[in-house]
Amino acid sequence: MAEFVVAVLWSALELLLVFTGALVVRAVSLGRWRSERWGSNEARIFGAAGALSFRHEGKRVLTTSGLVFVGLLFYVLLVPVMFIFWGLVSA
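About the cut-offs
- Residues numbered from 1 in each chain as written.
- Predicted model: local features only at pLDDT ≥ 70, side-chain atom pairs only at ≥ 80, totals over all residues.
- Heavy atoms only, no water.
- Helix = DSSP H or I, 4+ residues; strand = E, 2+ residues; numbered from the N terminus.
- Rg over C-alpha atoms; globule rule 2.2 N^0.38 Å.
- Buried < 20%, exposed > 50% of the residue type's maximum accessible area, 1.4 Å probe, protein only.
- Contact = heavy atoms within 4.5 Å.
- Areas by Shrake-Rupley, 256 points an atom, 1.4 Å probe, with all protein chains shown as cover.
- Lys, Arg positive; Asp, Glu negative; His and termini not counted.
- Charge placed at Lys NZ, Arg CZ, Asp CG, Glu CD.
- Pairing = 2+ DSSP bridges.
- Axes fitted to C-alpha atoms, helices over the stretch in contact; angles between N-to-C directions.
- Core = buried A, V, L, I, M, F, W, Y, C linked by side-chain atoms within 4.5 Å.
- Phe/Tyr/Trp six-rings, centres within 6.5 Å; stacked < 30°, edge-to-face > 60°.
- Expected span 1.5 Å × (residues − 1).

**Q** Would you mind going over the overall build of the protein in detail, with residue names and values included?
**A** Looking only at helices and strands, the protein features three helices and three strands. For the protein, the α and β elements follow one another from N to C terminus as α-β-α-β-β-α. Its C-alpha atoms give the protein a radius of gyration of 16 Å, more than 25% over the compact-globule value 12 Å for 91 residues. Expressed along its principal axes, the backbone C-alpha trace of the protein runs to roughly 55 × 45 × 20 Å. Looking at the 91 residues of the protein, the share that counts as buried comes to 24%. Long-range pairs, those at least 24 residues apart, make up 55% of the contacts in the protein with a sequence separation of at least 6. Of the roughly 7000 Å² of accessible surface on the protein, a fraction of 72% belongs to carbon and sulfur atoms. Positive and negative charge centroids in the protein, built from 8 and 5 side chains respectively, lie 13 Å apart.

Written out as structure tokens, the structure is:
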């Protein structure tokens with residue numbers, strides 16, 4: 001039972017990271033980059049094995065693994081920014 005709970009929690013965390021990564025890529029790249037389409041096999045068809053991104057039709061496309069990386073990086077960078085902001089506000 002514990003393995004099932006851990007698997008469900010990990011899946012929820014991965015889904016959160018993928019959607020966060022997709023939003024960050026959309027906001028930061030100003031349309032030059034895009035995320036892989038949900039439920040498609042674009043990475044298998046157009047990208048190299050294990051790639052984080054690839055080029056397709058003139059745009060850089062981030063794979064699901066790349067989106068997890070971007071989402072994780074967003075949250076890792078968010079923590080120090082929150083502490084700095086909290087320090088400035090409370091001073």
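On we go from here.
**Q** Give me the lowdown on the sheet that holds strand β3 (residues 59-62), citing residues and values where you can.
**A** Taken together, three strands build an open sheet; the order of strands is β1-β3-β2 and the sheet is mixed. In the strand order of this sheet, the two ends are held by β1 (33-35) and β2 (53-56), each with one partner. Here the average twist between neighbouring strands, direction ignored, is 35°. In the sheet, β1 pairs with β3 via three bridges, with the strands oriented parallel. Residue pairing for β3: W33 is matched across the bridge by R60.

**Q** Provide a residue-level description of the nonpolar core, including the pertinent values.
**A** Residues V18, A22, V25, L62, L67 and V70 constitute the largest nonpolar core, which totals six residues. Counting residues per element, this core draws most heavily on helix α1 (residues 2-29), which supplies three residues. Apart from the residues within four sequence positions on either side, V25 is in contact with W33, R34, L62, L67 and V70.

**Q** Which residues make up the packing of aromatic side chains, and what values go with them?
**A** In this structure the tally under the stated criterion is one aromatic pair. Residues F74 and Y75 carry aromatic rings whose centres are separated by 5.2 Å and whose planes lie at 70° to one another, so their mutual orientation is edge-to-face.

**Q** Please provide a residue-by-residue account of α1, values included.
**A** Relative to the 40 Å expected for 28 residues at 1.5 Å per residue, α1 spans 40 Å between its end C-alpha atoms, a close match to the ideal helical length. All buried positions along α1 are accounted for by L17, V18, T20, G21, A22, V25 and S29. Among the structural elements, β1, β3 and α3 (64-90) are those in contact with the buried residues of α1.

What is shown is where atoms sit, not what they do.
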